[in-house]
Amino acid sequence: MELLRYILRRMILSAFVVVGVTFLVFIVAQVVPSDPAALYAGPRPTAEQIEKARQELNLDAPLPARFATFASAMASGDFGVSYKSRRLIAEDLRAYLPATLELAVFSTGLALLIGIPLGVAAAARQGRWPDRLGSLGSIAAVAMPTFFLAMLLQLVFAQWLGILPLSGRLSREIAISAPLQMVTGFNLIDAIIAGRADVFGNALAHLILPALTLASYPAGVAMRLTRSAMIEILERRHVVAARALGLSEPRILFGHALPNAMGPALTVIGLSFAYALTGAVLVEIIFAWPGLGRYVSEAILAKDFPVIAAVTMVVTICYVVMNLIIDIAQALVDPRVALS
Amino acid sequence: MTRLVQRLGWPGTIALAIVVLFVALAILAPWIAPYPAQGAGAPNVIAKLRPPSAEYWLGTDHLGRDILSRIIYGTRVSLTNGVLIVAFSLLIGLPVGLAAGYFGGWIDEALMRGTDVFLAFPALLLAVLMAAALGPGFLNSIIAVAVTWWPWYARLARAEVLVLRGQPYVEAARLAGVSHPRIIIRHILPATGRPLTVQAALDVGPALLTAAALSFLGLGVLPPTADWGQMVDAGRKFFPARWWYSAMPGMTIFIVALAFSVLGDALRERKGGAARASA
């Protein structure tokens, strides 16, 4: 009962937050810019063209009315038309959103895969070199500018070693000669559906460097959280008992301690996903990844506010929903959360 | 010196030295930079994209300007960015947090739900939206980041006030008929100041990183003013063949952010607490 009330309250709060987000995006994208009509009318507009644009955009209506129009358009998934390309933004989003989500999901998985074993190793060898190296790495990961790490990885793995592609999402030959049928928009999944191992391998190779860039910071956090949770649990009685019974060290670490230390994993999933969505703006430019980040960075240069507003809305809603799911999952795993 | 090392540990002391060094570079830029005119933006087309050498220690950029001088001048922008972002955020967050914590009730509810909305955005994305709306420029990019930053201070200040509000000396002041604004400013603000200034000092590093990301996206200061993030972006066209153009300012950002973060850890361990769950 407590749990149900907690979940309901979190959902209502999230709905409230989404309304607030919509309002804020409306203010920043439609009210702050000096003259949206001049931007909409195109390069070097005449006075009549600007006037026409003002009417088309309904800029003379009072603010509450304009907000109502904006909010109902957003709710129905009508994001309007790009100032620059005159294309429907909703269609562009359908093409770019899966690319960003694929990157975010993959980098989150990578962060857990790197961070958790490192955290276990650090806890098992407390104060020794794996521990020190790990904590050094996680401090460095926080201070590293995302965009610079991306360039370094390109330099080492694409330029010097030549083992991974420099940029893009699929090799040009594949994209041109035998394009992939888009089903989910996730290249890895679509390749499996189409049963094409070559495309799968190619997509995977393209994913690794951008995902590694985005995974470095959350992996550091995952390592630190796993380490401290493990250290606490290794001192508990059931672990001491397991030791006394003569169980092997790996069996104690992975069989008895780690399952109890998985609480932080949920936190890291949320954090990593958020970090990937945010970092996408920087990473997608550098790796020429055709996702929302690159889309919005092009829109920034063109002052294409409907596009910027749409991307901000979509990404923020992904973020809010993700946080809601994590909160609920955490309450289900550990009912004490709901009571506090 | 030995007392400092005792207090901060070796890593903390080295980090502090690096921070002090960069502050000195920022203040003394015109006297320290080998080519002050180039640092300030004057082109030097006879020496375009030279690799690091005895003449140009860190190489030159696409206009032939000495990268070392540009980095030294860029220190001014980056450090003021970091400090001003934190200062502006405090300016918004502190009053909001104080009012929410002190008055409680519906004022608290309204203010905190408002901050929730700001926290619901992925921070960099809101900053990008804001900076795009305001247009590029030094002050605008600072405002854009501060808009995403202040809710943390509001939360921190509120938490501090909630504890202080029940203190006997505050209740005594209220019974003595002291007005609300006076209680907040004279009796509560000084006591919240300390943990908040520690947190604010620690946040200069992350703030500087966010500002660098904005200027990498072309939303920071405008050329010819030197700025690290902008230099990394400008060098991208020549990367990796002329790696030094991007790599030198990129390394600089990393070193400064690292110094702030190590110094922060050292201070936090000493203080015990004042930690914030950063997202």
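Provided above is the structure to which this section pertains.
Notes on the structure follow. Remember, it's a predicted structure, so these values are computed and weren't measured experimentally. Along each chain, residues carry numbers from 1 onward, in the same order as the chain's sequence is written. Chains and ligands are labelled sequentially in the order written, the chains with letters from A and the ligands with numbers from 1. pLDDT decides what is reported in this predicted model: residues at 70 or higher carry local features, side-chain atom pairs at 80 or more are listed and counted, and totals for whole chains, interfaces and linings draw on all residues regardless.

What follows covers the overall build of chain A. Going along the chain from the N terminus, every DSSP run of H or I of four or more residues is numbered as a helix, and every run of E of two or more is numbered as a strand. When you go through chain A residue by residue, the secondary structure sums to 16 helices and 0 strands. Along the longest, intermediate and shortest principal axes, the C-alpha atoms of chain A span 85 × 55 × 40 Å. Out of the 340 residues in chain A, the part that is buried amounts to 39%. A fraction of 70% describes how many contacts in chain A between residues 6 or more apart in sequence connect residues 24 or more apart. The burial label depends on the number of other C-beta atoms within 10 Å of a residue's C-beta. Counts of 20 or more mean buried, 12 or fewer mean exposed, and intermediate counts mean partly exposed, with C-beta atoms placed from the backbone. The contact rule is simple: place each C-beta atom from the backbone, and if two of them lie within 7 Å, those residues are in contact.

Tallying secondary structure elements over chain B gives 10 helices and 0 strands in all. Secondary structure elements of chain B, listed N to C terminal, follow the sequence α-α-α-α-α-α-α-α-α-α. Summarising the internal contacts of chain B: among those between residues at least 6 apart in sequence, 68% fall at separations of at least 24.

For the bond from Pro 223 of chain B to Pro 224 of chain B, the omega torsion is 10 degrees, close enough to zero to count as cis. Among the secondary structure elements, Pro 224 of chain B is positioned in the loop between helix H8 (180-216) and helix H9 (228-235). Positive phi, close to 45 degrees, is recorded for Ala 288 of chain A, a residue that is not glycine. Here Lys 303 of chain A, not a glycine, exhibits a phi torsion of approximately 55 degrees, which is positive.

So, on to H8 of chain B. Residues and elements named next belong to chain B. Working rule for helices: expected span equals 1.5 Å times residues minus one. Its 37 residues give H8 an end-to-end C-alpha distance of only 45 Å, which falls more than 12% under 54 Å, the value for a rise of 1.5 Å per residue. The quantity called bend is, for any residue, the angle between two axes fitted respectively to the seven residues ending at it and the seven beginning at it. At Leu 189, H8 shows its largest kink, close to 50 degrees, and the proline Pro 190 lies no more than four residues downstream. Just past H8, the residue Gly 218 takes up positive phi, approximately 85 degrees.

All names here are of chain A. Over its 15 residues, helix H7 (residues 146-160) extends 20 Å from the first C-alpha to the last, a length consistent with the 21 Å expected when each residue adds 1.5 Å. At Gln 154, H7 shows its maximal kink, close to 25 degrees. Among the residues of H7, those classed as buried are Thr 146, Phe 147, Phe 148, Leu 149, Ala 150, Met 151, Leu 153 and Gln 154.

Below, the discussion takes up the nonpolar core. In this usage, the nonpolar core is the set of buried Ala, Val, Leu, Ile, Met, Phe, Trp, Tyr and Cys residues whose C-beta atoms join them within 7 Å. Among the nonpolar cores identified, the biggest contains 172 residues, and Leu 103 and Ile 308 of chain A together with Ala 127, Val 128, Leu 129 and Val 145 of chain B are the most heavily contacted of them. For Val 128 of chain B, the contacting residues outside a window of four places in its chain are Val 281 and Ile 300 of chain A together with Leu 217 and Leu 219 of chain B.

With that settled, the discussion passes to the interface of chain B and chain A. Each partner contributes to the interface: chain B provides 35 residues, whereas chain A provides 37 residues. Elements that contribute at least two residues to the side of chain B that touches chain A include exactly helix H4 (105-120), helix H5 (123-134), H8 and helix H10 (243-271) of chain B. Following the grouping adopted for this structure description, the nonpolar residues are Ala, Val, Leu, Ile, Met, Phe, Trp, Tyr, Cys and Pro, the charged ones are Asp, Glu, Lys and Arg, and the polar ones are all others, Gly among them. A per-class count over the side of chain B that touches chain A returns 29 nonpolar, 4 polar and 2 charged.

In this section: the environment of Leu 162 of chain B. With respect to the element layout, Leu 162 of chain B can be found in helix H6 (residues 138-165). Note: C-alpha distance between Leu 162 of chain B and Ala 100 of chain B (62 residues apart in sequence) is 9.0 Å.

Here the focus is the packing of H7 of chain A against helix H13 (residues 263-286) of chain A. Residues and elements named next belong to chain A. Direction vectors running N to C along H7 and H13 enclose 30 degrees, while the axes themselves pass 9 Å from each other. Comparing the axis directions of H7 and H13 gives the class roughly parallel. Crossing handedness for the pair H7 and H13: right-handed. Only Gly 279, Leu 282, Val 283 and Ile 286 of H13 make contact with H7, whose side of the interface consists of Thr 146, Phe 147, Ala 150 and Met 151. Class assignment of the residues belonging to the contact of H7 with H13 gives a composition of 6 nonpolar, 2 polar and no charged. Angular values range over 0 to 180 degrees, each being the angle between N-to-C directions of two axes fitted as lines to C-alpha atoms, with helices fitted over their stretch in contact. An angle below 35 degrees is treated as roughly parallel, one above 145 as roughly antiparallel, one from 65 to 115 as roughly perpendicular, and anything else as oblique. Here is the rule for handedness: rotate from the far helix to the near one, and if that takes an anticlockwise turn smaller than a right angle the crossing is left-handed, while a clockwise turn gives right-handed.

Looking now at the packing of H5 of chain B against H6 of chain B. Residue and element names in this part refer to chain B. At a closest axis distance of 8 Å, the pairing of H5 and H6 adopts a crossing angle of 145 degrees. Of the two possible hands of crossing, H5 and H6 adopt the one that is right-handed. Counting all contacts with H5, which are made through Ala 123, Leu 126, Ala 127, Met 130, Ala 131 and Leu 134, the residues of H6 involved are Asn 140, Ser 141, Ile 143, Ala 144, Val 145, Val 147 and Thr 148.

All names here are of chain B. Here Thr 252 is to be found in helix H10. Assessed through the 25 C-beta atoms surrounding it within 10 Å, Thr 252 is described here as buried. Through-space distance from the C-alpha of Thr 252 to that of Leu 111 is 39 Å; in sequence the pair is 141 residues apart. The contact partners of Thr 252, leaving out residues within four places of it in the chain, are Ile 71 and Trp 228.

The values reported here are purely geometric and, on their own, carry no functional implication.
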